[in-house]
Amino acid sequence: MAISQYARGDHEAPTSSRPRVVPNNSEQIFQPKRNDTHIRSGAVAGEGFHRLKDRLISRGLPESVFDELFAQPTIVNYARGSFIFLQGGPTDLLFWVSSGLVDILSPGADGEQFHVSVLGPGDLFGFVESTDQKGRPAQAFQARARTNVQIGLLIRERINKVLTRQDPLLLVHITEQVIVAWSELTLRSTQFLGENYSGRLEMVLAELATKFGVKDSRGTLLIPEFAHNDFAEMIGCSRPMVSRLIAEMISAGRLAQHGKHYIIIDGSAVKNGKRSST
């Protein structure tokens, strides 16, 4: 897969599994009224549909239930940089990435953005809630298209109707899986907060390599492009601090650059002194 193709989100699924695309007149159902967000018709499903299916089935969700939930899935196009939903928005939908990349952000009190995570094909989002001033459920974070993306929509009311018809043992299993997922997230957050900036950057790079990396002769190449400001938002420090940390990692042979992409050097290569020139 070409790097430029992945970065743009130009993935295409087989024609036999193409979900339908929401027509433009349905924008008010799910889309904040913002001029920087665009809905396009005529797009096809990306690889995320199949990744999501494999992931949920591997967690114990019966294929028949998945097929019922995702029958004729709805896909919406968002241009790079546009918001998919804002903090405080309604929670009547769940979202999943069909193709492209999505940034999950937490707005700060002074207008700054804290970068919570980067999502790719097959990832679910929009399920973390808070409450607004009237006690109603609201989106705790906000989501922004990092590339041109195709986003799948799931209506929560439909999910509830499908699940209420399932065997109680299956519902118990689903609950257990949700608890496991939240426990993993809590553990990761606790470990992250306990690290200094250098440790946080290493954690972020390792996670990005796992999700978006491909093997390279020197280590793992991050396919998406990340700027120093992106890393600063991810670890909660200034851009100059990130620039210094990255320079130190490159000098120590733990990180390399290939054009606008980073390579996380294999530990064995660093240990043996087999560093390649970038």
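Residues numbered from 1 in each chain as written. Predicted model: local features only at pLDDT ≥ 70, side-chain atom pairs only at ≥ 80, totals over all residues. Heavy atoms only, no water.

Engineer: I'd like a description of the pairing of strand E15 (residues 261-265), backed by residues and values.
Structural biologist: Most of E15 is tucked away: five of the five residues are buried. Bridge count between strand E13 (residues 219-222) and E15: three bridges; the pairing is antiparallel. Its bridge partner being in E15, Gly 219 is matched across the sheet by Ile 265. Joining the antiparallel neighbours strand E14 (residues 255-258) and E15 is a turn of two residues, in which Gly 259 adopts a positive phi near 65°. (Buried < 20%, exposed > 50% of the residue type's maximum accessible area, 1.4 Å probe, protein only. Helix = DSSP H or I, 4+ residues; strand = E, 2+ residues; numbered from the N terminus. Pairing = 2+ DSSP bridges.)

Engineer: Just give me the short version of the nonpolar core, but keep the residues and values in it.
Structural biologist: By size, the foremost hydrophobic cluster in this structure holds 24 residues, and its most contacted members are Leu 201, Leu 205, Leu 208, Leu 222, Phe 231, Met 234 and Ile 235. Elements that contribute at least two residues to this core include exactly helix H7 (197-212), helix H8 (228-235), helix H9 (239-251) and E15. Those residues within four positions of Leu 222 in sequence are excluded, and the remaining contacts are Leu 205, Leu 208, Ala 209, Phe 212, Gly 213, His 261, Tyr 262 and Ile 264. Counting 16 residues, the second largest nonpolar core, distinct from the first, contains Ile 84, Leu 93, Phe 125 and Ala 143. (Core = buried A, V, L, I, M, F, W, Y, C linked by side-chain atoms within 4.5 Å. Contact = heavy atoms within 4.5 Å.)

Engineer: So what's going on with the environment of Ala 140? Residues and values would help.
Structural biologist: Checked against the element boundaries, Ala 140 lands in the loop between strand E9 (137-139) and strand E10 (142-145). Once the C-alpha coordinates of Ala 140 and Ser 106 are considered, the two residues, 34 residues apart in sequence, prove to be 7.8 Å apart.

Engineer: Describe the pattern of salt bridges, and please don't skip the residues or the numbers.
Structural biologist: Using the criterion set out here, one finds 17 salt bridges in the structure. In this structure, Arg 188 and Glu 207 form a salt bridge, with 2.8 Å as the shortest nitrogen-oxygen distance. Taken as a pair, Arg 188 in helix H6 (residues 168-193) and Glu 207 in helix H7 lie far apart in primary sequence, 19 residues in all. By relative accessible area, Glu 207 is classed as partly exposed at 30%. Where Glu 248 meets Arg 244, a salt bridge forms, and the shortest distance between an N and an O atom there is 3.5 Å. In this pair, Glu 248 and Arg 244 both sit in helix H9, four residues apart, roughly one turn of the helix. Residue Glu 248 is classed as partly exposed on the basis of its relative accessible area of 43%. Classification of Arg 244 as partly exposed rests on a relative accessible area of 48%. (Salt bridge = Lys/Arg side-chain N within 4 Å of Asp/Glu carboxyl O.)

Engineer: How would you sum up the packing of aromatic side chains? Please name residues and give values.
Structural biologist: Taken as a whole and judged by the stated rule, the model has eleven aromatic pairs. Centre to centre, the rings of Phe 85 and Phe 95 are 5.0 Å apart; their planes meet at 35°, and the pair counts as tilted. Taken together, the residues span a long stretch of sequence, with Phe 85 in strand E3 (residues 83-85) and Phe 95 in strand E4 (residues 93-99) at a distance of ten residues. Cluster of aromatic residues (ring-pair linked, three or more members): Phe 49, Phe 66, Phe 70 and Trp 96. The ring of Phe 192 carries Arg 188 above its face, with NZ or CZ at 4.5 Å from the centroid. (Phe/Tyr/Trp six-rings, centres within 6.5 Å; stacked < 30°, edge-to-face > 60°. Lys NZ or Arg CZ within 6 Å of the ring centre and 35° of its normal.)

Engineer: Go over the sheet that holds E3 with me, naming the residues and quoting the values.
Structural biologist: The four strands lie next to each other as E3-E10-E5-E6, forming an open sheet whose pairing is antiparallel. A strand with exactly one partner marks an edge of an open sheet, and here the two such strands are E3 and strand E6 (113-119). On average, each strand axis in the sheet is tilted by 30° relative to the strand beside it, whichever way the strands run. Where E3 meets E10, two bridges bridge the pair, whose relative direction is antiparallel. The residue of E10 that forms the bridge with Phe 85 is Ala 143. (Axes fitted to C-alpha atoms, helices over the stretch in contact; angles between N-to-C directions.)

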